[in-house]
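# Analysis of the macromolecular model
Read off the chains here:
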Amino acid sequence: MVDLITQLEKIKPSIDKVINEVITTAQFINGPEVKAFQTELQEYLGVKHVIPCANGTDALQIALMSLDLKPGDEVITPSFTYIATTEVIALLGLKPVFVEVDRDTFCIDPASIENAVTEKTKAIVPVHLYGQASNMNEIMSIAKKHDLKVIEDNAQAIGSEYKLSNGSFVKTGTIGDIGCTSFFPSKNLGCFGDGGAICTNNDELASKMRMIANHGQSKRYHHDMVGCNSRLDNLQAGILRIKLRELDSYLNRRREAASYYDKAFEKIDGIKTPVRSNESRHVFHQYTLTLEGIDRDKLHHFLAERDVPSMIYYPIPAHKQKMFASFGSEDVELPVTDWLTQRVISLPMHTELEKEQLTHITNSVLEFVQKESE
Ligand SMILES: *Cc1c(COP(=O)(O)O)cnc(C)c1O
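Cut-offs used in this document
Residues numbered from 1 in each chain as written. Predicted model: local features only at pLDDT ≥ 70, side-chain atom pairs only at ≥ 80, totals over all residues. Heavy atoms only, no water. Pairing = 2+ DSSP bridges. Helix = DSSP H or I, 4+ residues; strand = E, 2+ residues; numbered from the N terminus. Domains from an automatic or database assignment. Contact = heavy atoms within 4.5 Å. Salt bridge = Lys/Arg side-chain N within 4 Å of Asp/Glu carboxyl O. Near = heavy atom within 4 Å. Polar contact = N/O pair within 3.5 Å; in protein donor to acceptor, adjacent residues only side chain to side chain. Areas by Shrake-Rupley, 256 points an atom, 1.4 Å probe, with all protein chains shown as cover. Nonpolar A, V, L, I, M, F, W, Y, C, P; charged D, E, K, R; others polar.

Read across the open sheet, the three strands follow the order E7-E6-E13; overall the sheet is antiparallel. Looking at strand neighbours, the two that pair on one side only are strand E7 (169-171) and strand E13 (280-281), the edges of this open sheet. Both strand E6 (residues 161-163) and E13 contribute to a ladder of two bridges, which runs antiparallel. Its bridge partner being in E13, Glu 161 is matched across the sheet by Arg 281.

What follows is the structure, given as structure tokens:
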């Protein structure tokens, strides 16, 4: 699904250099690379504050912890997402309220948010799934109307841009109150282990989240609130600085691969290629097809026999997970989510896909469709 080894070969001298520097100076925690990366990511995203942390899940948790919510407060989130988005809500004693996604963009459906708002609703966590922005213009206007906070789960969409209603483009993760991202190795900007970051334009939230990520500490050994320990390693920050310089070219490589796939499948009945929303510049963390009348699981096995990896993101939506049974969420009706869960399949997507590989992948899919229609 990803090829991190070929990608590394192209930047290996600078990576070796930074790893060597960090090791020989033995500055492993809170070193100069972390500070520099923080500043560079702020500039790249066009945001006032970046707070590096240990992983994307922590980023979401720290963001929620900064909002002073009370047990039982409700947080609206899509069910069709990676589990981390929803898990942290329950972990903090809050109630995840699962809503529907849009069939075309796979992202949270604003109409479904509006229907789910109650007196207890305090926040919305939209997920920019597969690398495409949620409908942030509508989400922000719903949030404003009901006085809700918005935390963007930007783990799959770093570098993606979104057109605001005034016509200007901004980076995803910088539109809501807080944006959260992950540097897990296979993400669009990945390090060599775990890593994450939070961003915000709000000074007060920024200093609070910085404290939370550092044991609630205001100055050394003065702990004003219960926090956690969540840091980005100096080594990972050094690696991320090098990869951040490549990010835009990485995103273009992903878009090129996506266009190749689009073209190969454009005239095929039963295969729906990813829909681009007008406001969003997709960064293709995943390239995900929706199949209608084509047996998805059979295709998955057929591809595996031809050495083509494919994945189902996500086979079980959050509201059907056992961990949420106590919220009675299995009874929530999310027909679009359930429908997508049965029909989506993601093809290999990374920065190193060569024409030959793409041809083999698309030919294998087309061969299966042909065979099944006979
Ligand atoms: C990867 C991911 C996360 C979690 O990031 P980690 O760094 O693995 O903790 C959260 N949300 C989404 C949508 C993700 O894809």
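From this point on, the discussion continues.
According to the domain assignment, the chain consists of domain 1 (4-98 + 106-241) and domain 2 (247-373). For domain 1 versus domain 2, the distance between C-alpha centres works out to 25 Å. Counting residues at the interface gives 37 residues for domain 1, matched by 36 residues for domain 2. On the surface where domain 1 and domain 2 come into contact, there are two salt bridges.

The local shell around the ligand holds 14 residues, among which Gly 56, Thr 57, Asp 153, Ser 182 and Lys 187 are the closest. At a separation of 2.7 Å, a nitrogen atom of the ligand approaches a polar side-chain atom of Asp 153. For the ligand, the accessible surface in isolation is 380 Å², of which the surrounding protein chains cover 93%. Elements represented by at least two residues in the shell around the ligand include exactly helix H3 (56-65) and helix H4 (83-91). When residues of the shell around the ligand are assigned to their parent elements, the largest contribution, three residues, is made by H3. In terms of residue class, the shell around the ligand is built from five nonpolar, seven polar and two charged.

On to the side chain of Thr 105, then. Within the element layout of this structure, Thr 105 appears in the loop between strand E3 (95-99) and helix H5 (110-116). Thr 105 has contacts with Gln 132 and Ser 277, leaving out every residue within four places of it along the chain.

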